[in-house]
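Summary of structural features
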Amino acid sequence: MWNAITRWRRRRILSRAMIPDELWEEAVALRPFVSVYTVDELRRLREKVVLFLHAKGIVGAQGHEVTPLQRVVIALEACVLVLELDMALYDGFENVIVYPGEFIPDWEWEDEAGVVHRNDEPMVGEAMPGGPVVLSWPDVEAGADWQAEMNLVIHEFAHKIDMRDGEADGCPPLPAGMSVEAWASALTSAYEDFCARVDRDEPTAIDPYAAESAAEFFAVLSEVFFADPLVLRGEYPGVYDQFARFYRQDPATRVTVREPD
Ligand SMILES: [Zn+2]
């Protein structure tokens, strides 16, 4: 769908579907890791947000009313991942669904013995190939404070990018010039190290949920890459390096370390 957007149509969408300055500034201020972007990065991010909101519905479920600020915050965080990438990575689904809290997903799966299971565990977010991204609003809101150590929107959209070449497996489709072997080797050795630390009950600066699977490791570490880049660069520099090449961003260089007073 993004490929079908000509330059001309793109300009027309951008000129018609503006985000009011006040709303944009309010959304940026709510995400400290974005407010350090350069003027040029913020301008390009805002354009992507306008195009994203033009293409995707952000719809409330179970009585949740999505406010204009919520729409912009969700779109802004989704576009952080693709700031330097082709937005076609987000083709193939129509909507972002926002619940007023945790939700129980409405799907079933069949195991190898043919037994059908239903998931009855409440979830805070979900992304499936070809399906919508589903979010619990209070858990999106928690991303305002990185001390909560989660950024749900970045997490679910990282899964979406990972799913561009099939099931989420921790390896998104890599561009020409990046090596699958180098990616797998950096990610696998970091994943094994992280799982061992979690098994030893060692406190970690990265959410232990990342030890769940290779796919969760990629999604959680993508959150850390954008929202707390110095932590990822310090803990797993090899992964940071692969992510910087994949996302074509170097978020650690945006962070100014202030001297204590
Ligand atoms: Zn996940």
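Refer to the preceding data block for the structure.
Residues numbered from 1 in each chain as written. Predicted model: local features only at pLDDT ≥ 70, side-chain atom pairs only at ≥ 80, totals over all residues. Heavy atoms only, no water.

A few words on the overall build of the protein chain. Along the protein chain, the regular secondary structure elements total eleven helices and six strands. The C-alpha extent of the protein chain, read off along each of the three principal axes, is 55 × 55 × 40 Å. Residue burial in the protein chain is summarised as follows: out of 261 residues, 48% are buried. For the protein chain, the share of sequence-separated contacts (at least 6 apart) that also reach a separation of at least 24 residues comes to 65%. Accessible surface, the protein chain: about 13300 Å² in total, of which carbon and sulfur atoms supply 51%. Each charge class in the protein chain was averaged separately, 23 positive and 47 negative side chains, and the resulting centres sit 14 Å apart. (Helix = DSSP H or I, 4+ residues; strand = E, 2+ residues; numbered from the N terminus. Buried < 20%, exposed > 50% of the residue type's maximum accessible area, 1.4 Å probe, protein only. Contact = heavy atoms within 4.5 Å. Areas by Shrake-Rupley, 256 points an atom, 1.4 Å probe, with all protein chains shown as cover. Lys, Arg positive; Asp, Glu negative; His and termini not counted. Charge placed at Lys NZ, Arg CZ, Asp CG, Glu CD.)

If you walk through the whole model with that rule in mind, you get eleven salt bridges. A salt bridge links Arg-254 to Glu-41; its shortest N-O distance comes to 3.0 Å. Here Arg-254 is found in the segment after helix H11 (237–247), whereas its partner Glu-41 is found in helix H4 (residues 39–55), with 213 residues between them in sequence. Each member of the pair, Arg-254 together with Glu-41, is buried. (Salt bridge = Lys/Arg side-chain N within 4 Å of Asp/Glu carboxyl O.)

Where H4 meets helix H5 (residues 68–81), the axes come as close as 9 Å, and the angle between the chain directions of the two elements is 115 degrees. In terms of orientation, H4 and H5 fall into the roughly perpendicular class. Remark: the crossing between H4 and H5 carries right-handed chirality. Taken together, the residues of H5 that come into contact with H4 (itself represented by Leu-45, Lys-48, Val-49, Phe-52 and Leu-53) are Arg-71, Val-72, Ala-75, Leu-76, Ala-78, Cys-79 and Val-80. Residues belonging to the contact of H4 with H5 are distributed by class as follows: ten nonpolar, no polar and two charged. (Axes fitted to C-alpha atoms, helices over the stretch in contact; angles between N-to-C directions. Parallel < 35°, antiparallel > 145°, perpendicular 65-115°, else oblique. Left-handed = near helix turned anticlockwise from the far one by under 90°. Nonpolar A, V, L, I, M, F, W, Y, C, P; charged D, E, K, R; others polar.)

Our focus in this paragraph is the coordination of the zinc ion. His-155 (NE2), His-159 (NE2), Glu-216 (OE) and Glu-216 (OE) make up the full set of protein donors to the zinc ion, lying at 2.1 to 2.7 Å. Between the four donor atoms coordinating the zinc ion, the angles at the centre fall across 53 to 143 degrees, so the site counts as irregular. In the primary structure, the donors to the zinc ion are separated according to the pattern H-x3-H-x56-E. On the criterion of sequence distance, the pair formed by His-159 in helix H7 (residues 152–162) and Glu-216 in helix H9 (residues 214–227) is long-range, its members being 57 residues apart. A single burial state applies to His-159 and to Glu-216, both of which are buried. (Donors = N, O, S within 2.8 Å, 3.2 Å for Na, K, Ca; no water. Tetrahedral: all angles 85-135°; square planar, octahedral: opposite > 155°, others 65-115°.)

Our focus in this paragraph is the packing of aromatic side chains. Following the criterion strictly, the structure yields 19 aromatic pairs and no others. On the numbers, 5.1 Å between centres and 55 degrees between planes, the contact of Phe-225 with Tyr-240 is tilted. With Phe-225 in helix H9 and Tyr-240 in helix H11, the pair connects residues that are 15 residues apart, well separated along the chain. When sorted by exposure, Phe-225 lands in the same class as Tyr-240, which is buried. Look at Phe-243 and Tyr-247: their rings are 6.0 Å apart centre to centre, the planes differ by 85 degrees, and that puts the pair in the edge-to-face class. Of this pair, Phe-243 and Tyr-247 are both found in helix H11, four residues apart, which corresponds to roughly one turn of the helix. (Phe/Tyr/Trp six-rings, centres within 6.5 Å; stacked < 30°, edge-to-face > 60°.)

Right, let's talk about the nonpolar core for a bit. With 79 residues, the main nonpolar core has Leu-45, Phe-52, Phe-157, Leu-232, Phe-243 and Tyr-247 as its most contacted residues. Those residues within four positions of Leu-45 in sequence are excluded, and the remaining contacts are Trp-24, Val-34, Tyr-37, Leu-76, Cys-79, Val-80 and Leu-83. (Core = buried A, V, L, I, M, F, W, Y, C linked by side-chain atoms within 4.5 Å.)

Two measures define how a pair of helices packs: the angle their axes make with one another and the distance between the axes. Between H7 and H9, the least distance of the axes is 8 Å, while the angle of their chain directions is 125 degrees. Considering their axes alone, H7 and H9 lie oblique with respect to each other. Relative to H9, H7 is oriented so that their crossing is right-handed. On H9, the residues touching Ile-154, His-155, Ala-158, His-159 and Asp-162 of H7 are Ala-215, Glu-216, Phe-218, Ala-219, Val-220, Ser-222, Glu-223 and Phe-226. Within the contact of H7 with H9, the residues separate by chemical class into seven nonpolar, three polar and three charged.

This part takes up the pairing of strand E6 (residues 133–136). Neither face of E6 is exposed, since Val-133 and Leu-135 on one face and Val-134 and Ser-136 on the opposite face are all buried. Here three bridges tie strand E5 (residues 125–127) to E6, and the two strands are oriented antiparallel to one another. Of the residues in E6, the one forming a bridge with Glu-126 is Val-134. Remark: five residues form the turn of the hairpin made by E5 and E6, two consecutive strands paired antiparallel; Gly-130 in that turn has positive phi of roughly 75 degrees. (Pairing = 2+ DSSP bridges.)

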